[in-house]
Amino acid sequence: MPELPEVETIRRQLAPHVHGRTIVDARILDQRWTRPDPPGPVEAVLRGAVVEGLERAGKYLVWVLSGDRYLLQHLRMTGTLLYDPPAPPAHTRVLLEFDDGHRLVYVDPRRFGTGHLVHGESGRDDYLSARIGIEPLTPEFTAEHLRRLARGRTAPVKAFLLDQRRIAGVGNIYADEALFRARIHPLRPAGRLTAGDWARVRDGIEEALSAGIEAKGASIDDFRHVDGARGSFQDLFLVHRRAGRPCPRCGTTIRKIVVGGRGTYVCERCQPRPRAIGRASRAAVPEGQAAGPPPRSTRT
Ligand SMILES: [Zn+2]
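Here is what the cut-offs are and how they apply
- Residues numbered from 1 in each chain as written.
- Predicted model: local features only at pLDDT ≥ 70, side-chain atom pairs only at ≥ 80, totals over all residues.
- Heavy atoms only, no water.
- pLDDT = per-residue confidence, 0-100.
- Contact = heavy atoms within 4.5 Å.
- Buried < 20%, exposed > 50% of the residue type's maximum accessible area, 1.4 Å probe, protein only.
- Helix = DSSP H or I, 4+ residues; strand = E, 2+ residues; numbered from the N terminus.
- Arc of directions from axis to C-beta.
- Donors = N, O, S within 2.8 Å, 3.2 Å for Na, K, Ca; no water.
- Tetrahedral: all angles 85-135°; square planar, octahedral: opposite > 155°, others 65-115°.
- Salt bridge = Lys/Arg side-chain N within 4 Å of Asp/Glu carboxyl O.
- Pairing = 2+ DSSP bridges.
- Axes fitted to C-alpha atoms, helices over the stretch in contact; angles between N-to-C directions.
- Polar contact = N/O pair within 3.5 Å; in protein donor to acceptor, adjacent residues only side chain to side chain.
- Core = buried A, V, L, I, M, F, W, Y, C linked by side-chain atoms within 4.5 Å.

Considerations on the confidence of the model for the chain
- Taken residue by residue, the chain gives an average pLDDT of 92. The fraction at 70 or more is 92%.
- For residues 280-300, every residue scores under 50 in pLDDT, and the model assigns this stretch 11 contacts once sequence neighbours within four places are set aside.

Quick notes on helix H4 (residues 143-150)
- Turning to H4, its buried residues are Ala143, Leu146 and Ala150. Each buried residue of H4 lies within a common arc of 65 degrees when the element is viewed along its axis, so the set occupies one face.
- On its buried face, H4 sits against helix H5 (157-162) and helix H7 (195-214).
- In the stretch just after H4, glycine 152 is the one whose phi turns positive, near 80 degrees.

A word on the coordination of the zinc ion
- Surrounding the zinc ion are the protein donor atoms Cys247 (SG), Cys250 (SG), Cys267 (SG) and Cys270 (SG), at 2.2 to 2.4 Å.
- Each of the four donor atoms around the zinc ion contributes to a set of angles spanning 101 to 114 degrees, which defines the coordination as tetrahedral.
- Counting the intervening residues between successive donors of the zinc ion yields the motif C-x2-C-x16-C-x2-C.
- Taking relative accessible area as the criterion, cysteine 270 reaches 9% and is therefore assigned buried.

Concerning unusual backbone geometry
- The residue after arginine 35, namely proline 36, is reached through a cis peptide bond having omega 10 degrees.
- Relative to the helices and strands, proline 36 resides in the loop between strand E1 (23-28) and helix H2 (39-46).
- Phi angles above zero are rare outside glycine, and aspartate 84 is one such case at about 50 degrees.
- Mapped onto the fold, aspartate 84 is located in the loop between strand E5 (80-83) and strand E6 (92-98).
- The backbone of histidine 91 sits at a positive phi, close to 65 degrees, despite the residue not being glycine.
- Mapped onto the fold, histidine 91 is located in the loop between E5 and E6.
- Its relative accessible area of 41% is what places histidine 91 among the partly exposed residues.

A closer look at the pattern of salt bridges
- All told, the structure shown has 25 salt bridges when counted by the stated rule.
- For glutamate 177, the salt bridge identified is with arginine 181, shortest N-O distance 3.8 Å. Of this pair, glutamate 177 and arginine 181 both sit in helix H6 (residues 172-182), separated by four residues, roughly a single helical turn.
- Here arginine 181 falls in the partly exposed class, since its relative accessible area comes to 23%.

A look at the sheet that holds strand E2 (residues 51-57)
- Reading across the sheet, the four strands line up as E2-E3-E4-E8 and stay open at both edges, with antiparallel pairing between neighbours. The open sheet has two edge strands, E2 and strand E8 (114-119), and neither has a second partner. Along the sheet, successive strands turn relative to each other by an average axial angle of 20 degrees, direction set aside.
- Two strands pair when backbone bridges link them, and strand E3 (residues 60-65) and strand E4 (residues 69-74) are joined in this way by six bridges, in the antiparallel orientation. Looking at the pairing, valine 62 lines up with leucine 72 of E4.
- On the sheet, H2 packs against E3, E4 and E8 and is oriented at approximately 65 degrees with respect to E8.
- Across the sheet, helix H3 (residues 120-129) lies against E2, E3, E4 and E8, angled at about 140 degrees from E8, the strand it touches most.

Here's the deal with the side chain of histidine 74
- Here histidine 74 is to be found in strand E4.
- Note on histidine 74: relative accessible area 6%, which makes it buried.
- Polar side-chain contacts of histidine 74 include one of 2.9 Å to the backbone nitrogen of arginine 76.
- Ignoring anything within four residues of it in the chain, the contact list for histidine 74 reads Lys59, Tyr60, Tyr106, Gly113 and Thr114.

A few points about the nonpolar core
- Judged by nonpolar contacts, the single largest core of 31 residues is most densely connected at Val157, Leu161, Ile167, Tyr174, Trp198, Val201 and Ile205.
- Those elements that place two or more of their residues in this core are H4, H5, H6 and H7.
- Beyond its immediate chain neighbours, meaning those up to four positions away, isoleucine 167 contacts Gly133, Ile134, Pro136, Phe141, Leu146, Phe160 and Leu161.
- Counting residues in hydrophobic clusters, the runner-up holds 29 residues, among them Ile23, Leu46, Leu65 and Leu96.

Some remarks on the pairing of E8
- With five of six residues buried, E8 lies mostly within the body of the structure.
- Both E4 and E8 contribute to a ladder of six bridges, which runs antiparallel. Pairing of histidine 74 across the sheet is with threonine 114, part of E8.

In structure tokens form, the structure reads like this:
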């Protein structure tokens, strides 16, 4: 799924092409895209609208349109925007044509992506504030803010980072990469992190997201640039999808575990496992005493 850096990459690539252009034709080929609204009235508003800006909020692409309208687009699992593709791609869901003759095609094999048209800044803000929390890479994104959000939360910190209603734009890739940078184990209860821990998590999130934007996103699945090219951040992952390979910091073998149902990658030397949920065999043996090799059966 595209995360903040992938959506930001699309925004940066697309904005110069569409800014100031008039949409001369709009065809929504999939009723699900605008649900619960019917596609017809949305098409009617898009036709003739001028693109006044292309912004981003979390994983949403925000089209600023003339007439005080906003189109809030989410790519979900498999959505891709292609600018002037050479041939009509399979799974095309939406077609936009601009007054300079160029075309934008929205492709989405699994059809989870959405596009919602709202009226006015308050419509936009209401829509977004019901769905996404604080935006990283802004001055408001502080360690103290994160600590307040997490107060009393017993959920693992990784699950906390993935909750879009608290923090916008961080998904499975960047949560793993951020927690590794911060040296925090993904299973640690969010409410138990100290102020110092949150300072490192905050920095880790911003470093991971910035590196992702710099590399123009990660193409481990369907993500493509607007010209169909792949991002390169997947070649720079420190731990994500690197199970069995050495930690780039200490050489310990990176493990894959499951946190909140998501595959999670961790160096358990750099990111010590919280004692309360350590393996039972270890918890029973005081630190420093020989306990023999760790049981293989738990290393799946
Ligand atoms: Zn390590």
